[in-house]
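Here is how the chains run, residue by residue.
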Amino acid sequence: MSRSIVILAAGTGSRLNSIKAGQPKPLTSLCGVALIERCIKNAKRSGFDHFVIVVGYQAEQVQKYLADGSELGVRIDFVKNNNWHKKNGISLLMASEALDSEAFILLMADHVLDIDFFHKLQSIEMGDDDLVLLTDKKISSIFDLEDATKVQASPEGYIQDIGKQITTYNCIDTGAFIISKKIFTLLDQRAKANGDVSVSEGVQALMQLNKARIHDIGDLWWQDVDTPQSYRQAERVLLKKQIKPTDVWVSRYLNRPISLFISRFLVKTSLTPNQITYLSFLTGLAAPFFLVQGSYLGFVLGGLAYHMASVLDGCDGEVARLKMMESTSGDWVDTIIDNLTHVLFVMGLAWGLYQSTQGQRWPIYLGIFSLASIAWVLAMMFRYLRSSGRGTLLAFNQAFEDQRKSDPTIWAKFSMLAKPLIRRATYAFIFFIMMLLGQAHWVLILMSIAPFVTGCMLMVNHRKIKNQTV
């Protein structure tokens, strides 16, 4: 059974007043998703389904926003801390009666964590210890180190000191814990003695019993969103994370800077990823409108519209990932629209060249050949996607690459070298440059040869690819 997650969400977050615009801090929107909602969704994707949320300041708004968690596919129990102005240990104490299991996970509502944080939290065994704190040894990369909670750990990984003001430390507290319920007794004792208590004081109590150790997060990213500066840093990193390892040169260095600039504003609107896909399609529709005119200006504007449709095509995926709205149906919409845009571009270019050559028929023949080759390639790809349950051609590309690695034939190696050239971002940009140089006829020639060669490459590897498990 998965451990329950306790999220502390009772504080005022006054330092974020200029950002949260009257909202409770946990509901502050970051890249289109409330801080606490992003935390819950990432945890849900990692297998967690029960949350105990301690609310206090503006509690009713947080409870109304999350309700019982059913819309997120989880169960949420709310605990109200009327003493929310005190230290966070008081909030943690309030959660004790809502927990059934002996051990639980503790998170902070204003911390943004990589999804792999939750995979790690699922896999860590406590052993004989009563607390495991996820820590970050990448001290030089910590944003606002002065405000961070520092940790000094022994070579064996046991916590020796913790606090914001300690001067000797070798890692940073990420705000993610696995804790046994024994901490409640220790917190209660200190709260009764002093009238207040922090989570760090509870950690110190277990530390003195040699029952608190660290677990390094490695390369994982996290960010405490506590000030306008840290909010903007988190936004920058989340946007930068949309640059995918599979991005080719044109996509990474030309298209992404533009699409991410646009997506930064789109996530703040109510537009869905599918609606953004349709908007990029409208841009793509402008391409054949210009191309059919058969003039130099028409070819240039058509090439530009096609290239811009490729740029905007990145926005729907970026918004889907940033707002955590990815879906197989969305993948299918994006794939179908992309290929429909391509088909219309071929048709518009063929007719435009037919017009500009005063009725010569070779552009029509090349256009028909190109469309037939495209249909052949798409039939193979869609057949694989249908059997795999995926909706994006990137799934086919990944299977193709996996097959190349497992059976590195010369033909497969050549196919991988040529693959960047047949990615939409690359050829859309190349076509635009060729249009500027007055080489529209060569664009059509390439659009006839490329899908045919691609089809041949896929045909050679298709039998093995369709048996790949993605």
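Here's what I pulled together on the structure shown here. (Residues numbered from 1 in each chain as written. Predicted model: local features only at pLDDT ≥ 70, side-chain atom pairs only at ≥ 80, totals over all residues. Heavy atoms only, no water.)

## Notes on the overall build of the protein
Helix and strand content of the protein: 17 helices and 13 strands. By residue count, 53% of the 470 residues in the protein fall in the buried class. Excluding contacts between residues fewer than 6 apart, the proportion of contacts in the protein whose partners are at least 24 apart in sequence is 75%. Summed over all atoms, the accessible surface of the protein reaches about 21,700 Å², with 57% contributed by carbon and sulfur. (Helix = DSSP H or I, 4+ residues; strand = E, 2+ residues; numbered from the N terminus. Buried < 20%, exposed > 50% of the residue type's maximum accessible area, 1.4 Å probe, protein only. Contact = heavy atoms within 4.5 Å. Areas by Shrake-Rupley, 256 points an atom, 1.4 Å probe, with all protein chains shown as cover.)

## Here we look at the packing of aromatic side chains
Under the criterion given, the structure shown has twelve aromatic pairs. Ring centres of Phe48 and Phe118 lie 6.5 Å apart, and the angle between their planes is 70°; this geometry places the pair in the edge-to-face category. Of this pair, Phe48 sits in the loop between helix H2 (35-45) and strand E4 (50-55) while Phe118 is found in helix H5 (residues 115-123), placing the two residues 70 residues apart along the sequence. For the pair formed by Phe48 and Phe118, the shared burial category is buried. (Phe/Tyr/Trp six-rings, centres within 6.5 Å; stacked < 30°, edge-to-face > 60°.)

## Side note on the side chain of Asp114
Relative to the assigned elements, Asp114 resides in the loop between strand E7 (111-113) and H5. Engagement of the side chain of Asp114 in a polar contact is seen with the backbone nitrogen of Trp221, the distance being 2.7 Å. Side-chain polar atoms of Asp114 contact the side chain of Lys241, separated by 3.3 Å. Ignoring any residue separated from it by four or fewer positions in sequence, one finds Asp114 in contact with Leu220, Trp221 and Lys241. (Polar contact = N/O pair within 3.5 Å; in protein donor to acceptor, adjacent residues only side chain to side chain.)

## Focus: unusual backbone geometry
Residues other than glycine seldom take positive phi values, yet Gln58 does so here, at roughly 50°. Located in the positive-phi region is Gln358, a residue other than glycine, with phi close to 60°. Mapped onto the elements of the fold, Gln358 is located in the loop between helix H12 (328-356) and helix H13 (362-388).

## Side note on the pairing of strand E9 (residues 150-153)
The two faces of E9 match: Lys150 and Gln152 on one face and Val151 and Ala153 on the other face are all buried. Here E9 pairs with strand E10 (residues 159-163) via four bridges, running antiparallel. Its bridge partner lying in E10, Val151 is registered against Ile162. Here E9 hands over to E10 after five residues, with Gly157 in that stretch at a positive phi of 95°. Of the strand pairs in this sheet, E9 and strand E11 (residues 171-180) are connected by two bridges, and their pairing is antiparallel. Within the sheet, the bridge partner assigned to Lys150 lies in E11 and is Ile172. (Pairing = 2+ DSSP bridges.)

## Considerations on the pairing of E11
Of all the ten residues making up E11, ten are buried; the element is thus mostly covered by neighbouring parts of the structure. As defined by bridge partners, strand E6 (residues 103-108) adjoins E11 across four bridges and the pair is classed as antiparallel. Opposite Leu106, over in E11, you have Phe177 as the bridge partner. Relative to E11, strand E8 (residues 131-136) runs antiparallel, the two sharing six bridges. Across the sheet, Leu134 pairs through a bridge with Ala176, a residue of E11.

## Quick notes on the pattern of salt bridges
Inspection of the entire model under this criterion finds 20 salt bridges. With a closest N to O distance of 2.4 Å, Lys25 and Asp226 form a salt bridge. Of the two residues, Lys25 is situated in the loop between helix H1 (17-20) and strand E2 (29-30) and Asp226 in the loop between strand E13 (222-224) and helix H8 (228-240); the sequence distance between them amounts to 201 residues. Overall, the relative accessible area of 8% leaves Lys25 in the buried class. Where Arg75 meets Asp77, a salt bridge forms, and the shortest distance between an N and an O atom there is 2.9 Å. Here the salt bridges do not stand alone but share partners, grouping Arg15, Lys25, Asp110, Asp147, Lys164 and Asp226 into one network. (Salt bridge = Lys/Arg side-chain N within 4 Å of Asp/Glu carboxyl O.)

## Examining the nonpolar core
If you look at the biggest cluster of nonpolar residues, it comprises 38 residues, and the most contacted ones within it are Ile7, Phe51, Ile53 and Leu107. Elements with a minimum of two residues in this core: strand E1 (4-9), H2, E4, helix H3 (59-66), E6, H5, E8 and E11. Core analysis: the second largest hydrophobic core is formed by 35 residues, Leu93, Val151, Leu186 and Ala205 among them. (Core = buried A, V, L, I, M, F, W, Y, C linked by side-chain atoms within 4.5 Å.)

## A word on a nonpolar patch on the surface
On the surface, Tyr296, Ile433, Leu436 and Leu437 cluster together into a nonpolar patch covering about 390 Å² of accessible area. Tracing the chain through its elements places Tyr296 in helix H11 (residues 296-322). Using a relative accessible area of 48% as the deciding quantity, one classes Tyr296 as partly exposed. (Patch = residues over 30% accessible without salt bridge, like charges linked within 9 Å, V, L, I, M, F, W, Y side chains within 5 Å.)

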